[in-house]
Each structure stands twice: as structure tokens, then as C-alpha cells.
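# Summary of the model geometry
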Amino acid sequence: MEMPISTDAFRGSDMVSAEPIDDKQVKTELLYRAIGRPVINRLPTLLPLSVIAMAASGIPERMFLWGLILIYSAATFAAAATAGLVKKAIENDRNIKQSLRIWLGVEFAASAIWGLMLLPIADSSLVGPERPIITAVVMVTVAAGSLVSANVIGLPKAIIAGFIATALPASVFFYDNYGAMLVASSFLMFLGLIHLVSMMQKEAVRNLKTELENKQLTSRLAEALDIAQYLSRHDSLTGLLNRRDFETTAKKLRQSHSHSSMAIILLDLDHFKKINDRFGHATGDEVLKAAAGIIKTPVRALHMSAGAQEAVARWGGEEFVIALARTSLEEAKIVAERICLALAQYENSNWPPTLKLTCSIGVATWGDGEELNNAIDQADLAMFKAKSLGRNNVQIAGEQTVETLIGPE
């Protein structure tokens with residue numbers, strides 16, 4: 001792949017510096033990860049519900065408690081559905097505020113049912129293990145749910161608030177049955193839980209922010225490495241292969257096409273030093289870039305699978321070289337003539353009107369087993385012959401006749 005690139009585009013300090021990541025982006029990512037698979041994530045709640053249902057079989061208000069369990073089951077799957085809507089909104093990059101409010105509202109209502117489950121066991125006549133078992137399961141489940149959902153900003157508070165909204169009035173109403181110790185310890189427990197969840201959320205945000213910044217930095221380092229590798233193989237001005245990588249690529253082409261003909265085309269822009277002296281080096285650079293684009297065009301037109309059939313390089317200064325696989329000398333001559341004609345006919349409205357672009361080209365065969373340098377030397381001799389015969393023409397190595405396209409300047 002040839003792509004023009006300038007060394008100005010590659011500044012190490014810019015490439016590897018990570019852009020600051022917004023906290024809102026971090027919190028959204030945390031929310032997305034925490035939602036995960038909404039339905040499957042809620043299946044573990046079936047275990048405490050089963051324990052409560054079995055423990056309730058021995059109390060007078062068991063039907064009421066079983067009804068609450070059924071209502072909670074429906075509510076928790078409704079919460080899963082609304083959580084799925086939030087996740088889809090994040091995936092589609094839509095505003096999540098409305099769907100998030102609905103989800104947290106459903107979670108609040110579902111958590112409130114846990115508080116209502118304390119009502120059937122408030123009867124002071126209960127002397128068996130049902131009350132402590134159900135109370136412990138409810139408290140542990142709500143606390144665990146708050147901690148597990150700590151990464152989701154707002155969800156733990158919705159869970160705790162929903163539970164307290166029903167559990168606190170029940171505790172006050174049945175104060176004589178529960179006692180001051182249970183009410184006070186429960187209240188303090190949830191205050192501590194809110195503080196713990198807040199600390200966990202801050203830590204989660206910091207950790208994820210660090211993770212995202214590291215990923216961003218890794219991506220930029222990989223991009224910088226790709227550009228560095230590209231620049232090590234290509235001429236930074238024209239985007240063509242540099243001299244060293246041309247030799248490597250051309251030799252690989254020769255090896256992979258050992259039983260087919262290959263050709264070398266060596267091209268030199270005519271009077272390029274005068275262009276630099278008269279119009280400036282900035283214009284000279286533009287001429288080199290334009291020439292590189294023109295040189296590649298007829299090569300690719302002749303070789304449809306150009307990526308595997310040719311190597312084009314800036315050989316040095318204003319010289320360019322092309323290695324053509326599966327190409328006879330006559331075919332290479334056609335390519336060279338196309339290049340010579342295209343350069344002579346090229347016009348650029350941004351250039352001075354007196355700036356004309358021509359080239360001298362030498363073409364040589366590259367035999368199987370022959371050294372690349374020898375083929376290039378033969379093309380070089382033919383190119384100098386083209387210059388001695390007036391420039392702006394193509395010469396074939398070893399031929400005595402002169403092939404002139406436009407005529408001498």
C-alpha cells in the first residue's frame with residue numbers, strides 16, 4: 001500500500017499522549033458493564049426467595065408473604081427489561097436519562113417489596129426460627145444487592161431507599177415487637193452501607209478511568225509504531241518505497257517470479273536543480289510528489305494486481321525506480337513511455353506557468369539470477385543516454401536506436 005505521508009504528521013509526543021477521558025464517559029461504561037445480561041444477572045435472587053418461601057410455610061401470614069415473592073419476581077424481571085433498554089440506548093449512543101430513570105424507579109419499587117416482607121413476621125406470637133431466618137435473608141440480600149451493584153451510579157441508593165421506604169415504617173409500627181436494638185442496628189447498617197457503596201463507586205471510576213486511558217495510550221502507541229514502521233520503509237515526501245526497502249521488495253519479487261521476465265525502469269526528472277533554484281524548494285517538493293503520483297498511475301494501469309507485481313521507489317533526489325514482475329522489455333517500454341508522456345502533459349494551476357515537467361528514462365531487463373544492482377546499472381546507462389540525446393525520452397539498455405516521445409527540449 002502506498003500512502004503519502006509527511007514526517008510533520010509524526011510527532012512522538014502528540015501520538016502517544018492520551019486525551020483526558022470524561023468522568024461521564026467512565027460512568028456510562030461502568031453502567032454498561034454492570035448491566036451485563038440483565039435477566040441472567042437476576043437469577044441468583046431466586047435462592048434467597050426460595051429460602052424465604054420455605055421458611056414462611058410455618059407462619060400464619062404465609063400466603064401474604066408468598067404473594068409478595070411472586071410480585072417481587074415479576075418486578076425484578078421488569079427491572080431486567082428496563083435495564084436492557086438502558087443498555088440498548090448506550091449501544092446506540094442515545095440519551096439514556098429517561099430510560100435510566102425508569103429502570104431505577106422499577107428497582108426502587110422491587111426493593112421496597114423486600115421491606116414489605118418483614119410485615120408478615122412482625123407477629124409477636126412467632127416463637128420459631130422463621131422470624132430470624134427471614135429477617136436475616138432479607139437484610140443480607142438487600143445489602144449484597146447494594147454492594148454487587150456498587151459500580152452502577154444511582155442503583156445502590158435506589159435499592160437501599162426502596163427498602164427503607166417500607167422497612168422503616170414497619171419497624172416503627174411494630175417497634176414493640178422488633179425492639180430498639182434491631183431498629184437502630186438496621187438503620188446504622190444501611191448508613192454504613194451507603195458510605196461503603198460510595199467509596200466503592202469512586203474506586204471503580206478511578207480504576208476504569210485508568211484502564212480506558214491505558215487502552216487509549218496503547219492504541220496511540222500502536223498507531224505511532226505503525227507510522228514509524230511505515231516511515232522506515234517509505235520515502236516521507238512521496239510515500240513511495242525508500243531505496244533500502246525497494247531493494248528488499250524487488251528481490252522478493254524476483255524470487256517469487258524466478259521463471260518469468262522482469263524489467264527495471266530508472267527515471268530522472270529533467271533539470272530538477274533548475275526548478276529548485278528558480279521556483280524554490282517548496283515547489284520542488286510539490287513537483288516530486290506530483291511526479292510520484294504520475295509514475296504509479298501507468299504502472300497500476302498495466303498491472304491490475306499491482307500490489308504483488310511491482311515495486312516503485314524514490315531512488316534518491318529526483319530519481320525514481322520501478323521493478324516490474326512478469327513484464328517483458330516491450331511492456332516495460334510501454335509503461336515508461338506512458339510515464340514520460342504523462343509527465344510532459346501534466347499541468348498544475350498552482351504552479352508557475354513556465355514550470356514544465358519532463359523526464360529521461362532508461363529501461364533494462366532483469367534476468368533470473370542476475371544481481372539487482374547490475375540491472376539498475378544497465379537502466380542507469382540507458383537513462384544517461386536519454387539525457388545525452390536531448391532528455392524527455394525513453395531509451396532501452398543495449399539498443400542503439402533512440403526512442404523519442406516529445407522531442408528534445
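This text goes with the structure placed above it.
Please read these numbers as outputs of a predicted model, since none were measured by experiment. (Residues numbered from 1 in each chain as written. Predicted model: local features only at pLDDT ≥ 70, side-chain atom pairs only at ≥ 80, totals over all residues. Heavy atoms only, no water.)

### Some details on helix 4 (residues 46–55)
- Those residues of helix 4 not exposed but buried are Pro 48, Leu 49, Ile 52 and Ala 55. In an axial view of helix 4, the angular spread of the buried residues amounts to 130°, which keeps them on one side of the axis. Those residues of helix 4 that are exposed and aimed more than 90 degrees away from the buried face are Leu 47 and Met 54.
- Buried residues along helix 4 sit against helix 5 (62–91), helix 6 (97–116) and helix 7 (130–148). (Buried < 20%, exposed > 50% of the residue type's maximum accessible area, 1.4 Å probe, protein only. Helix = DSSP H or I, 4+ residues; strand = E, 2+ residues; numbered from the N terminus. Arc of directions from axis to C-beta. Contact = heavy atoms within 4.5 Å.)

### Here's the deal with the packing of aromatic side chains
- Using the criterion set out here, one finds three aromatic pairs in the structure.
- Plain terms: the ring middles of Tyr 346 and Trp 351 are 5.3 Å apart, the flat faces sit at 65° to each other, and that makes the pair edge-to-face.
- Positioned over the ring face of Tyr 32 is Lys 87, at 5.3 Å from the centre of the ring.
- The ring of Trp 366 is capped by Arg 254, whose NZ or CZ atom sits 5.9 Å from the centre of that ring. (Phe/Tyr/Trp six-rings, centres within 6.5 Å; stacked < 30°, edge-to-face > 60°. Lys NZ or Arg CZ within 6 Å of the ring centre and 35° of its normal.)

### Here we look at the packing of helix 4 against helix 5
- Following both chains from N to C, one finds helix 4 and helix 5 inclined at 165°, their axes separated by 9 Å at the closest point. For the element pair helix 4 / helix 5, the angle class is roughly antiparallel. Classified by chirality, the crossing of helix 5 by helix 4 is left-handed. For the pair helix 4 and helix 5, the contacting residues are Leu 49, Ile 52 and Ala 53 in the first and Leu 65, Trp 66, Ile 69, Tyr 72 and Ser 73 in the second.
- Per-class residue counts for the contact of helix 4 with helix 5 are seven nonpolar, one polar and no charged. (Axes fitted to C-alpha atoms, helices over the stretch in contact; angles between N-to-C directions. Parallel < 35°, antiparallel > 145°, perpendicular 65-115°, else oblique. Left-handed = near helix turned anticlockwise from the far one by under 90°. Nonpolar A, V, L, I, M, F, W, Y, C, P; charged D, E, K, R; others polar.)

### Thoughts on unusual backbone geometry
- A positive phi angle, close to 50°, is found at His 271, a residue other than glycine.
- Residue classification places His 271 among the partly exposed residues on the basis of a relative accessible area of 30%.
- Phi is positive for Arg 326, close to 50°, though the residue is something other than glycine.
- Tracing the backbone shows Arg 326 in the loop between strand 3 (319–325) and helix 15 (329–345).
- Residue class for Arg 326 comes out exposed when judged on its relative accessible area of 53%.

### Focus on the environment of Thr 141
- By secondary structure assignment, the location of Thr 141 is in helix 7.
- Through-space distance from the C-alpha of Thr 141 to that of Thr 45 is 7.9 Å; in sequence the pair is 96 residues apart.
- Excluding its chain neighbours within four sequence positions, the residues that come into contact with Thr 141 are Pro 48 and Trp 114.
- Of the polar contacts made by the side chain of Thr 141, one reaches the backbone oxygen of Val 137; its length is 2.6 Å. (Polar contact = N/O pair within 3.5 Å; in protein donor to acceptor, adjacent residues only side chain to side chain.)

### Notes on the nonpolar core
- Judged by nonpolar contacts, the single largest core of 43 residues is most densely connected at Leu 31, Ile 52, Trp 103, Trp 114, Met 117, Val 138 and Phe 163.
- Elements with a contribution of two residues or more to this core: helix 2 (23–35), helix 4, helix 5, helix 6, helix 7, helix 8 (155–173) and helix 10 (180–233).
- Counting residues per element, this core draws most heavily on helix 5, at ten residues.
- If sequence neighbours within four positions are ignored, Ile 52 has contacts with Leu 65, Ile 69, Trp 114, Met 117, Ile 134, Val 137 and Val 138.
- Leu 240, Leu 288, Val 335 and Ile 396 belong to the second largest nonpolar core, which has 33 residues in total. (Core = buried A, V, L, I, M, F, W, Y, C linked by side-chain atoms within 4.5 Å.)

### Considering the pattern of salt bridges
- Across all of its chains, the model carries eleven salt bridges by this definition.
- For the salt bridge of Arg 33 with Glu 211, the shortest nitrogen-to-oxygen distance reads 2.9 Å. Placement of the pair is Arg 33 in helix 2 and Glu 211 in helix 10, with a sequence separation of 178 residues.
- Judged by its relative accessible area of 37%, Arg 33 falls in the partly exposed class.
- A salt bridge links Glu 107 to Arg 42; the shortest N-O distance between them is 2.3 Å. Of the two residues, Glu 107 is situated in helix 6 and Arg 42 in helix 3 (residues 38–42); the sequence distance between them amounts to 65 residues. (Salt bridge = Lys/Arg side-chain N within 4 Å of Asp/Glu carboxyl O.)

### Describing helix 11 (residues 243–256)
- Helix length check: helix 11 (14 residues) gives 20 Å between terminal C-alpha atoms against 20 Å at 1.5 Å per residue, within 8%.
- For helix 11, every residue scored as buried is listed here: Asp 245, Phe 246, Ala 250, Leu 253 and Arg 254. (Expected span 1.5 Å × (residues − 1).)

### Notes on the pairing of strand 3
- Among the seven residues in strand 3, seven count as buried, and that is most of the element.
- Here strand 3 shows no split at all, with Glu 319, Val 321, Ala 323 and Ala 325 on one side and Phe 320, Ile 322 and Leu 324 on the other all buried.
- Bridge count between strand 1 (residues 262–269) and strand 3: seven bridges; the pairing is antiparallel. Within the sheet, the bridge partner assigned to Ile 264 lies in strand 3 and is Ala 323.
- Judged from the six bridges that link them, strand 2 (residues 310–316) and strand 3 form a sheet pairing that is antiparallel. Residue pairing for strand 3: Gly 316 is matched across the bridge by Glu 319.
- In textbook terms, the turn of a hairpin is the stretch between consecutive antiparallel strands, and for strand 2 and strand 3 this stretch comprises two residues, one of which, Gly 317, has a positive phi near 60°. (Pairing = 2+ DSSP bridges.)

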